[in-house]
Amino acid sequence: MAKVFISPSRYVQGAGELRHLGSYAEKYGKKAMLLVSRGGKSRFGDLLEESFRKSDCGYMFEVFQGECCKKEIRRLQERMETEGCDLIIGVGGGKIFDTAKAAAYYQRTPVLICPTIASTDAPCSALSVIYTEEGVFEEYLFLDANPNLVLMDTEIIARSPVRLTVAGMGDALATYFEARACQASGAVTCAGGKVTGAAMSLAKLCFDTLMEEGVKAKLALEAGACTEAVEKIVEANTLLSGLGFESGGLAGAHAIHNGLTVLEECHGMYHGEKVAFGTIAQLVLENAPAKELEEIIDFCIELGLPVTLKQLGAEHITEEQIFAVAEAACGENDTLRNMPFEVTPRTAAAAIKAADAYGRYFLGEN
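Parameters and conventions
Residues numbered from 1 in each chain as written. Predicted model: local features only at pLDDT ≥ 70, side-chain atom pairs only at ≥ 80, totals over all residues. Heavy atoms only, no water. Helix = DSSP H or I, 4+ residues; strand = E, 2+ residues; numbered from the N terminus. Rg over C-alpha atoms; globule rule 2.2 N^0.38 Å. Buried < 20%, exposed > 50% of the residue type's maximum accessible area, 1.4 Å probe, protein only. Contact = heavy atoms within 4.5 Å. Areas by Shrake-Rupley, 256 points an atom, 1.4 Å probe, with all protein chains shown as cover. Lys, Arg positive; Asp, Glu negative; His and termini not counted. Charge placed at Lys NZ, Arg CZ, Asp CG, Glu CD. Phe/Tyr/Trp six-rings, centres within 6.5 Å; stacked < 30°, edge-to-face > 60°. Lys NZ or Arg CZ within 6 Å of the ring centre and 35° of its normal. Pairing = 2+ DSSP bridges. Axes fitted to C-alpha atoms, helices over the stretch in contact; angles between N-to-C directions. Salt bridge = Lys/Arg side-chain N within 4 Å of Asp/Glu carboxyl O. Polar contact = N/O pair within 3.5 Å; in protein donor to acceptor, adjacent residues only side chain to side chain. Expected span 1.5 Å × (residues − 1).

### What about the overall build of the protein chain?
- Tallying secondary structure elements over the protein chain gives 13 helices and eight strands in all.
- At 20 Å, the protein chain has a C-alpha radius of gyration in line with the 21 Å of a compact globule built from 366 residues.
- Along the three orthogonal principal directions, the C-alpha set of the protein chain runs to about 60 × 45 × 40 Å.
- Here the protein chain holds 366 residues, and 60% of them are scored as buried.
- Long-range contacts, defined here as pairs at least 24 residues apart, represent 79% of the contacts in the protein chain between residues at least 6 apart.
- Here the protein chain displays about 14700 Å² of accessible surface, and carbon together with sulfur accounts for 48% of that area.
- For the protein chain, the centre of its 34 positive side-chain charges and the centre of its 50 negative side-chain charges are spaced 4 Å apart.

Encoded structure:
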């Protein structure tokens, strides 16, 4: 099988770039649907309208209903047809991006992605994660192409809650380790081929950037400063992680995340926070060297990412619930099969319990 590498057509990152969205949009369509949350429309609506004022592209706002599910995707398709929209633009966070990408895929239109946070690696990918209406992982929808444009306004991102950017670092943390596992197993990646050297290099650069710049960026954001460290982390969370996971592959960390979605106790946690814990669980499955495991747990603790089930909101779950998480993570449509050895619900459950124990140990709770 061939090696495959894919990416968005254009990636733009810089302070104030959202002010130019209209001029970018007119290159792709005549009328855009701007998919935003209700809160996003109140915060950025005037700025978005101003960006289209001198554009040849018309627009309409559509409020996202809160979940990337099949019902919401169909609703947006119908709205695009009714309103004559030949372009969709997702403005906000990860579920908005995935929903916009899925609607564009079915409608055969271009899609532009404008994150107002840097909390996931979803913006750049040709992938939508589909959930049930209740928020439980259902399936991955693999798309024909990556977004036409990803536009990162770091001025806006720097004003978002710091926890969101930290969650993005949790998501990005998995990139190198999952790509490494896929390379070892010869797995087929989300790009539809084997891992490329370019993807591995980007995944490793993503990891190195997190280790070097992550804590500095968190401290800067807490001080209300958009520094070079922040710019580098926004790129790592979005571009490096996005390209690295898609052409490098997903494995244990994201499968454990998907398993955790069956727990109602975890529904208040962000995607990247659950992925960070999933990364620790994957390293346990691999029996990673103690030094590597310690480095990752210490990094998570320093950033405030969860390293225990208690920190995920699931302190009092039962053995049966842990096994249910493990069974879901081992589902035939999930990515534990990309590990370079067989993983069963029994071994996955053991890894989750051991990861929790290691986290408690490093927190001094044992």
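### Overview of the packing of aromatic side chains
- Going through the model one piece at a time under the given rule, you end up with ten aromatic pairs.
- Of note, K41 hangs over the ring of F61, and the distance from its end group to the ring centre comes to 4.8 Å.
- Directly above the aromatic system of Y105 lies the positively charged group of R108, at a separation of 5.1 Å from the ring centroid.

### Comments concerning the sheet that holds strand β3 (residues 58-63)
- One open sheet holds the six strands; their spatial order is β1-β8-β5-β4-β2-β3, and the pairing between them is parallel. Looking at the sheet topology across the chains shown, the edges are occupied by β1 (11-14) and β3. Recorded for the sheet is a direction-independent mean angle of 15° between the axes of neighbouring strands.
- Examined bridge by bridge, strand β4 (residues 87-92) and strand β5 (residues 111-115) share five bridges and lie parallel to one another. Within the sheet, the bridge partner assigned to V91 lies in β5 and is C114.
- This element, helix α2 (residues 38-52), spans β2 (31-36), β3 and β4 of the sheet and lies at about 180° to β3.

### A short note on the pattern of salt bridges
- A full pass over the atoms with the stated rule returns 22 salt bridges.
- Measuring nitrogen to oxygen at the nearest pair gives 3.1 Å for the salt bridge that ties E319 to K353. Separated by 34 residues along the polypeptide, E319 in helix α12 (residues 319-329) and K353 in helix α13 (residues 345-362) bring together distant segments of the chain.
- In the salt-bridge network here, residues are joined through shared partners; they are K31, E62, E72, R75, R79 and E83.

### Details of the side chain of E213
- Structurally, E213 can be placed in helix α7 (residues 197-222).
- Given the relative accessible area of 8%, E213 is considered buried.
- Within the structure, E213 has its side chain in polar contact with the side chain of K216 (distance 3.0 Å).
- What E213 contacts, discounting residues up to four positions off in sequence, is A229, K232 and I233.

### Description of the environment of R180
- The topology assignment puts R180 in helix α6 (residues 162-185).
- The spatial distance from the C-alpha of R180 to the C-alpha of M339 is 9.3 Å, given a sequence separation of 159 residues.
- Setting aside chain neighbours within four positions, we find R180 in contact with M200, L283, E286 and E292.
- Separated by 3.4 Å, the side chains of R180 and E286 make a polar contact.

### A few points about helix α4 (residues 94-107)
- Across its 14 residues, α4 extends 20 Å between first and last C-alpha, which sits within 8% of the 20 Å expected from 1.5 Å per residue.
- The buried fraction of α4 is high, at eleven of 14 residues.
- Residues of α4 that are buried include every one of G94, I96, F97, D98, T99, A100, K101, A102, A103, A104 and Q107, and no others.
- Buried residues belonging to α4 abut β2, α3 (70-83), β4, β5, β6 (127-131) and β7 (137-142).
- Taken from the residues just after α4, R108 is the one with a positive phi, measuring 60°.

### Thoughts on the pairing of β1
- Going residue by residue along β1, you find V12 and G14 tucked away on one face and Y11 and Q13 left uncovered on the opposite face.
- Pairing of β1 with strand β8 (residues 149-153) involves four bridges; the strand directions are parallel. Its bridge partner being in β8, G14 is matched across the sheet by D153.

### Concerning unusual backbone geometry
- Residues other than glycine seldom take positive phi values, yet R108 does so here, at roughly 60°.
- With respect to the helices and strands, the residue R108 is situated in the loop between α4 and β5.
- Phi is positive for N287, close to 50°, though the residue is something other than glycine.

### Thoughts on the side chain of E292
- Its place among the elements puts E292 in helix α11 (residues 290-303).
- A distance of 3.0 Å separates a polar atom in the side chain of E292 from a polar atom in the side chain of R180.
- If we ignore the near neighbours within four places in the chain, the residues touching E292 are F177, R180 and L283.

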